[in-house]
Amino acid sequence: VTGVGFQPDFLWVKDRINGGHSHRLADIVRGATKQLNSDTTLAEATDSTVFSAFDSDGFSIGTNGSVNTNTNTYVAWNWKAGGTAVSNTDGTITSSVSANTTAGFSIVSYTGNGTSGATFGHGLSQAPELVIIKNRESTSGTSASAGWVVYSDPVGNTKYLYLNESKAEAIDSGRFNATTPSASVVTL
């Protein structure tokens, strides 16, 4: 797929015809063949039949029906972060970050430590207004341990949303330790 105008660092594709196909997401930090589905709690999967590369003006897809069924139409959202990830030691947890400070967008990978109040650096120069976190290894199928936890400025730091569910906001200061993200870190 060409004509994007840049090499995407974050890619989100959805089949507009078949509602049975999940949303497919890939990013430069994890690699093009590492897939997540934003509408499920499934763990990360490696599959080169979905996406195989981020190209200079778009991306390469495989034969997987969720991104390449004959005669189906698709929508693809592409974001430009900062290219190849760099190590970020701003928080108590070292993270890998690809950040575009001009656009206020970053992609972060980190390994949790189970400690309340732990922080990870996000690579931006101001506090993010939206943070989406996904446990890439969990296969439990419940949102509590495997869902897409969402922080947003309007909802605040004592509530959260799940990207993969249609539920209203929930009150739980434990998700983000009742702490608003700062200009350098997100608190867990």
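In what follows, the accompanying structure is described. Everything numeric in this text was worked out from a predicted model, so none of it was measured.

1. Concerning the sheet that holds strand β7 (residues 74–79)
Strand order in the open sheet made by the 5 strands is β4-β3-β2-β1-β7, with antiparallel pairing throughout. If you trace the sheet from one side to the other, it starts and ends with β4 (45–46) and β7, each paired once.

2. Section: the sheet that holds strand β9 (residues 95–100)
Strand order in this open sheet of 3 strands is β8-β9-β10, and the pairing throughout is antiparallel. Each edge of the open sheet is held by one strand with a lone partner, namely β8 (86–88) and β10 (105–110). For this sheet, the mean angle separating the axes of adjacent strands, direction not counted, is 40°. By the bridge criterion, 3 bridges tie β8 to β9 in an arrangement that is antiparallel. The partner of N88 across the bridge, within β9, is S95.

3. Brief notes about the pairing of strand β3 (residues 31–36)
Note that strand β2 (residues 24–27) and β3 share 2 bridges and pair antiparallel. Each residue of the ladder has a partner; that of L25, found in β3, is L36. With antiparallel pairing between neighbouring strands as the criterion, β2 and β3 make up a hairpin whose turn holds 3 residues. Bridge count between β3 and β4: 2 bridges; the pairing is antiparallel. Pairing of K34 across the sheet is with T46, part of β4.

4. Regarding the pairing of strand β1 (residues 10–15)
Note on strand geometry: in a regular strand, side chains alternate between the two faces of the sheet. Burial analysis of β1 places 6 of its 6 residues in the buried class, the great majority of the element. Both faces of β1 are covered, namely the face carrying F10, W12 and K14 and the face carrying L11, V13 and D15. One ladder, built from 4 bridges, connects β1 with β2; its direction is antiparallel. Within β2, the position partnered with F10 by the bridge is D27. Where β1 and β7 come together, 6 bridges link them in antiparallel fashion. When the bridges of β7 are listed, K14 appears paired with V75.

5. Focus on the packing of aromatic side chains
Considering all chains together, one arrives at 8 aromatic pairs under this definition. Judged by centre distance (4.4 Å) and plane angle (15°), the ring pair of Y110 and F120 falls under stacked. Residue Y110 is located in strand β10, and its partner F120 is located in strand β11 (residues 119–121); the two are separated by 10 residues in the primary sequence. By relative accessible area, which is 4% here, F120 ends up buried. Centroid distance Y160 to Y162: 5.2 Å. Interplanar angle 75°. Geometry classified as edge-to-face.

6. Focus: the nonpolar core
Judged by nonpolar contacts, I93, A118, F120, V131, I133, V149, Y151, Y160, Y162, F176, V186 and L188 together constitute the single largest core of 12 residues. Of all elements in the fold, only β12 (130–134), β13 (148–152) and β14 (159–162) reach the threshold of two or more residues within this core. In contact with I93, not counting residues within four places along its chain, are N88, Y110, T111, G112, N113, A118, T119, F120, G121 and L188.

Definitions and cut-offs
- Residues numbered from 1 in each chain as written.
- Predicted model: local features only at pLDDT ≥ 70, side-chain atom pairs only at ≥ 80, totals over all residues.
- Heavy atoms only, no water.
- Pairing = 2+ DSSP bridges.
- Helix = DSSP H or I, 4+ residues; strand = E, 2+ residues; numbered from the N terminus.
- Axes fitted to C-alpha atoms, helices over the stretch in contact; angles between N-to-C directions.
- Buried < 20%, exposed > 50% of the residue type's maximum accessible area, 1.4 Å probe, protein only.
- Phe/Tyr/Trp six-rings, centres within 6.5 Å; stacked < 30°, edge-to-face > 60°.
- Core = buried A, V, L, I, M, F, W, Y, C linked by side-chain atoms within 4.5 Å.
- Contact = heavy atoms within 4.5 Å.

Bear in mind that shape data such as this cannot, by itself, settle questions of function.
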